[in-house]
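Residue-level structural notes
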Amino acid sequence: MASEEQVKNSAFDTEAANCLVKELRGTVVAGKTKSYEWRVSQLKSLLKMVEERDKQICDALFSDLSKPEMEAFIHEIALIKNSCKVSLKKLKEWMKPEKVKTTLSTFPSSAEIVPEPLGVVLVISAWNYPFLLSVDPVIGAIAAGNAVVLKPSEIAPAMSSLLKKLLEEYLDNSAVKVVEGGVPETSALLEQKWDKIFYTGNGRIGRVVMAAAAKHLTPVVLELGGKSPVVVDSNVDLTVTARRIIGGKWACNNGQACVAPDYIITTKQFAPTLIDTIKQELLKFYGEDPLNSPDISRVVNSNHFARLSKLLDDDRVSGKIVHGGQTDKSSLKIAPTIVLDAEEDSLIMHEEIFGPLLLVVTVEKIEDGIDFINSRSKPLAAYIFTNNKQLKQDFVSNISSGAIVVNDISLHLMVDTLPFGGVGESGTGAYHGKFSFDAFTHKKAVLHRSFLGDAPARYPPYTAGKLRLLKALLDGSIFGIIRALFGFS
Ligand code: NAD
């Protein structure tokens, strides 16, 4: 058995992180990751990995979160497969330089935007979708031709060790590495100079990541969270609305999802009807004893269980529970819980819930919902259920959020032609589909000139005639150019 001293020496520290980055930089400098062939081979291997090891992936998700197989498959495995397939299908097109127009002032010339890999990038991922949130950015990094280090979340330990094992087995280890660990290991990584840091997690650590990146002027993508609202109008198909809200809240990792509804806004008058329908549908989905339903994930660990219990136990909240509220500390389960009109100064009204509790906030008029949302930080997603065309339009044009979905929840992340990311407190940068490729690519501006057309007017000695000519040229005025050439003022 290794002595304590040996274990200490083998810890992943700043020096180890430095060696790791040096090794990867060597791979990048050698040009290995840049070729189309290398990128395709890695993406194909990733796809093969997911196809061959789906059972192990589901098992790890069950071990970390009791995630039902259906959710594991649909929300993590299928999305990663699709991401690999889209990248493989489109990669050639994405890698092509894009010809762009030039101006009269550079005539004769041609111009293009050449996508180039950034170099060596770091991906730090979160625990709630520990497979998806780790592998999806890695797909983007590889597609864009980078070497990449993945730091999975220590809060999902089964998935963290599986990712280390699988990525080492399936991918090119000279360009793709997995570093497991928590704060010390991540801090050692963050001290290094990266060409991009892609972080998924909460905004508090997002600030730590951004500060570390600033030291090296490293660009970041921050995939953060926040309180995502759902406005529900009274003219909706009630059953479909209730089912979709349940689907996006409790059937997505029991509310532990960045785009899960955090609170509903509806009118005082309509709230009882809406809540009753949600209750009826919850009963159909999870039965009388939801704590023992196999179709609902558990809370990830005792810290998060304590955090959520504290939100509920608050005096300003506990009396406002209108559904659920059952908890089981030993199994880390919390039943789907609805809280109606919690006190404005309670913690639950301000902190991201990130769990099975759903707030209902009532307003006089449904239109007031827009002001309520705008009085808080910009959310990662904002949802509205309505048949009112004007209200839909007002919602889309007046709410600033990472995304807006009308009449459903969370489905936007299935659409790989849409960017996925936040704005303001909910994050910066985006990915998915081509946006993932772009997130890890530098778009290099290239202007081609020949030795022809060397206009003397651009060189000293400067004269009034030359100035007239250059002004006309920069204005793009053919008439002005002719006048200047003929010496007219
Ligand atoms: P987490 O605890 O797994 O932390 C995320 C990562 O940060 C981990 O890899 C962890 O090791 C690292 N980390 C933790 N403390 C650190 C420190 N002091 N220094 C450096 N690194 C550190 O995940 P979390 O933050 O609990 O995740 C939940 C949050 O993430 C929620 O706010 C949620 O909305 C957000 N989220 C966003 C997305 C998205 O795609 N936008 C997806 C999932 C979760």
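Identification of the protein chain as Aldehyde dehydrogenase from Lactuca sativa is taken from an unreviewed UniProt entry. The Catalytic activity (unreviewed entry) comment attached to the protein chain in UniProt states, word for word, "an aldehyde + NAD(+) + H2O = a carboxylate + NADH + 2 H(+)". The Sequence similarities (unreviewed entry) comment attached to the protein chain in UniProt states, word for word, "Belongs to the aldehyde dehydrogenase family."

What follows covers the site of the ligand. Contacts to the ligand come from 28 residues, most closely from Ser153, Gly201, Glu223, Gly225 and Cys258. Take the shell around the ligand: its biggest share by element is three residues, from helix α8 (residues 183-190). Class assignment of the residues belonging to the shell around the ligand gives a composition of 12 nonpolar, 12 polar and four charged. Composition of the shell around the ligand by domain shows at least three residues from each of domain 1 (4-224 + 433-442) and domain 2 (228-421).

We now examine the domain arrangement of the protein chain. Taken as a whole, the protein chain is organised into domain 1 (4-224 + 433-442) and domain 2 (228-421). Here the C-alpha centre of domain 2 lies 31 Å away from the C-alpha centre of domain 1. Taken together, the 15 residues of domain 1 in the interface contact 15 residues of domain 2. Of all the secondary structure elements, the ones that give two or more residues to the side of domain 1 that touches domain 2 are α4 (54-65), α5 (69-95) and α16 (433-439). Class assignment for the residues of the side of domain 1 that touches domain 2 results in six nonpolar, five polar and four charged.

Turning our attention to the sheet that holds strand β13 (residues 337-340). To summarise the sheet geometry, strands pair through backbone hydrogen bonds and adopt either a parallel or an antiparallel arrangement. Strand order in the open sheet made by the seven strands is β10-β13-β14-β9-β8-β15-β16, with mixed pairing throughout. In this open sheet, the two edge strands, each paired with only one partner strand, are β10 (321-323) and β16 (403-406). Taking the axes of each pair of neighbouring strands and ignoring which way they run, one obtains an average angle of 25° across the sheet. Pairing of strand β8 (residues 228-232) with strand β15 (residues 381-385), which is carried by three bridges, proceeds in the parallel orientation. Residue pairing across strands places valine 231 opposite isoleucine 384, the latter belonging to β15. Across the face of the sheet, helix α11 (residues 271-286) comes into contact with β8, β9 (261-267), β10, β13 and β14 (357-363) while running at roughly 170° to β13.

For the rest of this paragraph, the subject is the sheet that holds strand β3 (residues 120-124). One open sheet accounts for six strands, arranged β5-β4-β3-β6-β7-β17; its pairing is mixed. At either end of the open sheet lies a strand with only one pairing partner, and these are β5 (176-178) and β17 (427-428). Of the pairings in the sheet, the one linking strand β7 (residues 220-223) to β17 comprises two bridges and is antiparallel in character. Across the sheet, leucine 222 pairs through a bridge with threonine 428, a residue of β17. Packed onto the sheet, helix α2 (residues 14-29) meets β3, β4 (147-151) and β5 and runs at close to 150° relative to β4.

The next point concerns the nonpolar core. Burial of nonpolar side chains together is a common tendency in soluble globular proteins. Judged by nonpolar contacts, the single largest core of 127 residues is most densely connected at Val121, Val123, Val148, Ile264, Ile348 and Leu359. Per-element tally for this core: the top contributor is helix α6 (residues 132-143), with eight residues. A domain-level breakdown of this core finds at least three residues from each of domain 1 (4-224 + 433-442) and domain 2 (228-421). Residues contacting isoleucine 348, with those up to four places away along its chain left out, are Leu311, Asp314, Val317, Val339, Ala342, Ile353, Leu357 and Leu359.

Conventions adopted
- Residues numbered from 1 in each chain as written.
- Predicted model: local features only at pLDDT ≥ 70, side-chain atom pairs only at ≥ 80, totals over all residues.
- UniProt positions renumbered as here; feature names shortened; annotations may be inferred.
- Near = placed C-beta within 6 Å.
- Helix = DSSP H or I, 4+ residues; strand = E, 2+ residues; numbered from the N terminus.
- Nonpolar A, V, L, I, M, F, W, Y, C, P; charged D, E, K, R; others polar.
- Domains from an automatic or database assignment.
- Contact = placed C-beta atoms within 7 Å.
- Pairing = 2+ DSSP bridges.
- Axes fitted to C-alpha atoms, helices over the stretch in contact; angles between N-to-C directions.
- Core = buried A, V, L, I, M, F, W, Y, C linked by C-beta atoms within 7 Å.
- Buried ≥ 20, exposed ≤ 12 C-beta atoms within 10 Å, placed from the backbone.

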